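Chains, contacts and geometry: an overview
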Amino acid sequence: MTYPLLFPRGECSWNTGMEHVEEKRTAKRTRVTQLQYYAYRLSQRNGFSILHNSGKLFQQYIVDAYVKTEGSHLHFLRQNQEDLRIELYWGLLDALECRAHNENICTGNTILIILPSSFQGSPCHMQQNYQDAIAMVRKFGKPDLFLTFTCNPSWSEILNTMEGVQRPEDRPDIIVRVFNMKLKELLEDICKHGIFGTVLAYIYVIEF
C-alpha cells in the first residue's frame with residue numbers, strides 16, 4: 001500500500017469557456033464580470049479570428065487582460081476590507097505600533113490591507129496550502145512518489161490546431177487547454193485506475 005503525494009509541474013491553465021443555458025438561469029443578469037468577458041473573447045469559434053492570429057500581439061493582449069483582471073480583484077479586496085472581517089487583524093497592527101513605539105521607530109501612516117486565502121498567491125493562501133499539506137503528511141505518512149508533469153508544445157493535439165504560419169508560442173490559450181486536459185487524464189490514471197497502486201492522498205501544484 002502506497003501513500004503518494006503528486007506534484008506535477010507545467011503551464012498554468014485557466015477556464016476560458018462560458019456556459020449559458022437559459023433554463024438553468026436563476027436570476028436575470030445584465031452584466032458579466034471582467035474575467036467572463038475575456039474568457040468569451042479568448043474562446044475559439046468558427047471562421048477567421050484576427051485576435052488569435054495576431055502573434056505576439058495576442059500574447060500581449062492576454063497579459064494585459066490578466067493584469068487588468070487581477071488589478072480589479074485587488075481593488076475590490078481593498079475597498080471591501082470590512083466585509084472580509086479585517087477587524088480580526090487589528091491586534092497585529094497594534095503589536096507593530098507597540099513595537100515601533102518601544103524601539104522609537106517612526107512607522108508613518110500604517111494601512112492594513114489583508115489578502116484573504118481565496119486570493120491565489122497571497123500569504124494566507126500559501127500558508128493554508130502548506131498547513132493542508134502538512135496535515136495530510138501527518139495523517140497518511142511521508143509521500144512515496146514525486147512526479148513532474150511538463151507541458152510539451154510539440155504535442156500533436158497542439159500542433160494540429162495551428163493555422164497557417166502559427167506557432168505554439170502564438171497560441172498560449174491552446175497550450176493551457178491541452179495541458180489541462182492531459183493533467184486531468186494523468187490524475188485519473190493515477191487515482192482511479194491505480195497505475196501506481198492505491199492512492200490515499202495526493203497534492204499537486206501548477207506552475208507557469
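So, here's what we can say about the structure. (Residues numbered from 1 in each chain as written. Predicted model: local features only at pLDDT ≥ 70, side-chain atom pairs only at ≥ 80, totals over all residues. Heavy atoms only, no water.)

Taken as a whole, this structure holds three salt bridges when the rule is applied. Linking Arg167 and Glu169 is a salt bridge whose minimum nitrogen-to-oxygen distance equals 3.2 Å. For Asp173, the salt bridge identified is with Arg171, shortest N-O distance 2.9 Å. Classification of Asp173 by relative accessible area gives buried; the value is 0%. Judged by relative accessible area, which is 2%, Arg171 ranks as buried. (Salt bridge = Lys/Arg side-chain N within 4 Å of Asp/Glu carboxyl O. Buried < 20%, exposed > 50% of the residue type's maximum accessible area, 1.4 Å probe, protein only.)

Along helix 1 (residues 34-42), the residues classified as buried are Tyr38, Ala39 and Leu42. Summarising the axial view, the buried residues of helix 1 lie within an arc of 105°, below the 170-degree limit, and thus occupy one face. Tucked inside the fold, the buried residues of helix 1 contact helix 2 (56-79) and helix 6 (172-191). (Helix = DSSP H or I, 4+ residues; strand = E, 2+ residues; numbered from the N terminus. Arc of directions from axis to C-beta. Contact = heavy atoms within 4.5 Å.)

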